[in-house]
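Results of the structural survey
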Amino acid sequence: MTDKREAVAGFAALARRGVSRRSFIKLCTAAAVALGLDVSYGPRMAGAAAAAVGKKPLVWMQGQGCTGCSESLISSFDPGPAEIVLDLLSVRYHPTIMAGAGEVATEAWQEALRQGGFILVLEGAIPMADPRFALVDGRPFAEQFAEAAARAEVVVAAGSCAAYGGIPRAGITGAAGAQAVVKDKPLINLPSCPVKPTRLLGTLLYYLTFKEAPPLDEHLRPVPYYRRFLQHESCPRRGHFEQGEFLQDWNDPDTADWCLLYKGCKGPLTYTDCSRIWWNDGVNYCIRAGSPCSGCTQPEFYDRFSPLYKKQENFPAPGILGMNAPALAKGIAGLTAAGVATHAVVRAVSGKKNEKEDEV
Ligand code: SF4
Ligand code: SF4
């Protein structure tokens, strides 16, 4: 009964901020479906989230990063995920968007830690080589983050840097993801560069509803957003891959929509829902916009997937036996000329099923 009353009050609070009950249920239903749940979970998630409006505290900490994840979140259309997240939760500390600064901000952080029981979001990586690479308020960031994690209910690593070290890991700071510090708390990794707002919102909605993390894969990513979809399997350019048609000259309009493997596409090794749930509120996503996939949702990003825009000399695509890109292209062209579907031959030669098949 209390929950119902709290939900009604929460819906009213959201309405006062311009988010109608109807649009909130619609958003929650979309989030439920993206998480692989039945549509009937939408209203349930909306009710649970509305009941939590302004109650569940959130602490957002930022290590080594470019603030792109915060930017990504707050640049969404109106009423975007940022607005919903901020309206839903009681944001106690966020170094980029909070009004307070200096001692006031530090006191807010300390007070949140004293009370405990908050959702801790990490943006950016944690420098592990030398604490002096990131000092906040004169203290090592790694130490501060460990202190916050110890008082948190759950930790969410938002973006590639926070999840696995991301781009900073290619430098000298020993940059690592949250897992290097968080040992005894539930940890949810939401890698991508930047964090995808719909994934962050959906994960928070799931947590508020079920009081636990969604099912996670071996890299601690929610399965429905990542492990369920191999980029290469659902790519709009896949037909050209099958035909051995690889874009080689960016300036050739005749091949503009061909496969981007030669341009460094990491799609064959990348698990992500990008081709199904597009970015920027459903406007587009990398490959469809003409850019190869950088594999930003994978732990290998960025240093082990570098260079980003050049073909990999020995790219161990699943089922392709580590064949290098030119040989692969040549082989595929020959096979398709013979009228044989590439994936069928590759699997027959390798004697293996692909990872996705193994899951089914
Ligand atoms: S290599 Fe990249 S561009 Fe080519 S089909 Fe696979 S995912 Fe698409
Ligand atoms: S398409 Fe690839 S590079 Fe682009 S956001 Fe998705 S996983 Fe990252």
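Parameters and conventions
- Here the residue numbering is sequential within each chain, running from 1 through the sequence in written order.
- Here every chain gets a letter starting at A, and every ligand a number starting at 1, in the order they are written.
- Per-residue local features of the predicted model are confined to residues with pLDDT of at least 70, and side-chain atom pairs are confined, for both listing and counting, to 80 or more; whole-chain, interface and lining totals are unaffected and use all residues.
- No hydrogens and no water enter the side-chain calculation; it runs on all heavy atoms of the structure.
- At least two DSSP bridges between two strands are required for those strands to pair.
- In DSSP terms, a helix is any run of H or I states spanning at least four residues, a strand is any run of E spanning at least two, and both are numbered starting from the N terminus.
- Axis definition: a line fitted to C-alpha atoms, limited for helices to the stretch in contact. Angles are taken between N-to-C directions and run from 0 to 180 degrees.
- When checking whether two residues touch, look at their non-hydrogen atoms; a contact exists if any pair is within 4.5 Å.
- Salt bridge criterion: a side-chain nitrogen from Lys or Arg within 4 Å of a carboxyl oxygen from Asp or Glu.
- Relative accessible area decides the class of each residue, using a 1.4 Å probe on protein chains only: under 20% of the type maximum gives buried, over 50% gives exposed, and in between gives partly exposed.
- Throughout this document, a residue counts as near a molecule or strand when at least one of its heavy atoms sits within 4 Å of that molecule or strand.
- Lys, Arg, Asp and Glu make up the charged group, whereas Ala, Val, Leu, Ile, Met, Phe, Trp, Tyr, Cys and Pro make up the nonpolar group; the residues left over, Gly among them, are polar.
- Two rings from Phe, Tyr or Trp (for Trp, the six-membered ring) form a pair when their centres sit within 6.5 Å of each other. Planes less than 30 degrees apart are called stacked, planes more than 60 degrees apart edge-to-face, and all others tilted.
- Here the nonpolar core consists of buried residues drawn from Ala, Val, Leu, Ile, Met, Phe, Trp, Tyr and Cys, with membership extended through side-chain atoms lying within 4.5 Å.
- The arc under discussion is defined with respect to the helix axis, by the directions toward the C-beta atoms.
- Expected span, for any helix, means 1.5 Å times one less than how many residues it has.
- Here the term patch refers to residues with relative accessible area over 30% and no salt bridge, with like charges joined within 9 Å and nonpolar side chains (Val, Leu, Ile, Met, Phe, Trp, Tyr) within 5 Å.
- In short, Shrake-Rupley with a 1.4 Å probe defines the accessible areas, and a residue's cover is counted only from the protein chains shown.

With that settled, consider the sheet that holds strand E1 (residues 57-62). Taking strand neighbours across the sheet as the criterion, the 5 strands line up as E2-E1-E3-E7-E9 in an open arrangement whose pairing is parallel. Looking at strand neighbours, the two that pair on one side only are strand E2 (90-93) and strand E9 (187-190), the edges of this open sheet. Direction aside, neighbouring strands of the sheet carry axes that sit 25° apart on average. Relative to strand E3 (residues 118-123), E1 is paired through 5 bridges, and the arrangement is parallel. Its bridge partner lying in E3, Trp60 is registered against Val121. Together, E1, E3, strand E7 (152-158) and E9 form the strand contacts of helix H9 (residues 197-210), whose direction differs from that of E9 by roughly 160°.

Considering all chains together, one arrives at 12 salt bridges under this definition. A salt bridge links Arg132 to Asp130; the nearest nitrogen and oxygen atoms lie 2.7 Å apart. As a salt-bridge pair, Glu147 and Arg139 come within 2.5 Å of each other at their nearest N and O atoms. For Arg139, a relative accessible area of 25% gives the class partly exposed. A single salt-bridge network, built from bridges that share partners, covers Arg139, Glu143 and Glu147.

This next bit is on the site of ligand 1. Contacts to ligand 1 come from His232, Cys235, Arg237, Arg238, Phe241, Cys259, Leu260, Leu261, Cys265, Gly267, Pro268 and Ile287. Tallied by class, residues from the shell around ligand 1 come to 8 nonpolar, 2 polar and 2 charged.

Glancing now at the packing of aromatic side chains. Scanning the entire structure with this criterion turns up 7 aromatic pairs. Measuring from centroid to centroid gives 6.2 Å for Phe11 and Phe24, while their planes differ by 75°, and the two rings are edge-to-face. Of this pair, Phe11 sits in helix H1 (residues 2-16) while Phe24 sits in helix H2 (residues 21-34), and the two are 13 residues apart along the sequence. Arranged with centres 4.5 Å apart and planes meeting at 45°, the rings of Tyr206 and Phe210 form a pair that is tilted. Of this pair, Tyr206 and Phe210 both sit in helix H9, separated by 4 residues, roughly a single helical turn.

With 42 residues, the main nonpolar core has Phe24, Leu88, Leu89, Ile119 and Leu205 as its most contacted residues. Element by element, the count of residues in this core is highest for H9, at 7 residues. In this structure Ile119 touches Lys56, Pro57, Leu58, Val59, Leu89, Val154, Val156, Leu204 and Tyr207, once residues within four positions along its chain are discounted. In terms of nonpolar packing, the next biggest core, distinct from the first, is built from 27 residues, Trp109, Ala152, Val181 and Leu187 among them.

This paragraph deals with the site of ligand 2. Close to ligand 2 lie Gln231, Thr270, Thr272, Cys274, Trp279, Tyr285, Cys286, Cys293, Ser294, Gly295, Cys296 and Thr297, which account for all nearby residues. Broken down by class, the residue content of the shell around ligand 2 amounts to 6 nonpolar, 6 polar and no charged.

On to helix H7 (residues 141-151), then. For H7, the set of buried residues is Phe141, Ala142, Gln144, Phe145, Ala148 and Ala149. One face of H7 carries all of its buried residues, which in axial projection span an arc of 160°.

If you trace the backbone, Tyr271 turns up in the loop between helix H10 (238-242) and helix H11 (279-282). We classify Tyr271 as buried; its relative accessible area is 5%. Sequence separation between Tyr271 and Gln298 is 27 residues, and the spatial gap between their C-alpha atoms is 7.1 Å.

For H2, spanning 14 residues, the distance from its first C-alpha to its last is 20 Å, which sits close to the expected 20 Å at 1.5 Å a residue. Inspection of H2 places Phe24, Cys28, Thr29, Ala31 and Ala32 among the buried residues, and these make up the whole buried set. Seen along its axis, H2 keeps its buried residues to an arc of 160°; they face one direction. With respect to the buried face of H2, the exposed residues turned more than 90 degrees away are Arg22 and Lys26.

Another aspect to go through is a nonpolar patch on the surface. A contiguous nonpolar patch, built from Ile74, Leu86, Val91 and Ile97 and spanning about 270 Å² of accessible area, is present on the exposed surface. Secondary-structure assignment places Leu86 in helix H5 (residues 81-88). The class of Leu86 is partly exposed, set by a relative accessible area of 33%.

It is worth stressing that arrangement in space is one thing and function is another; only the former is reported here.
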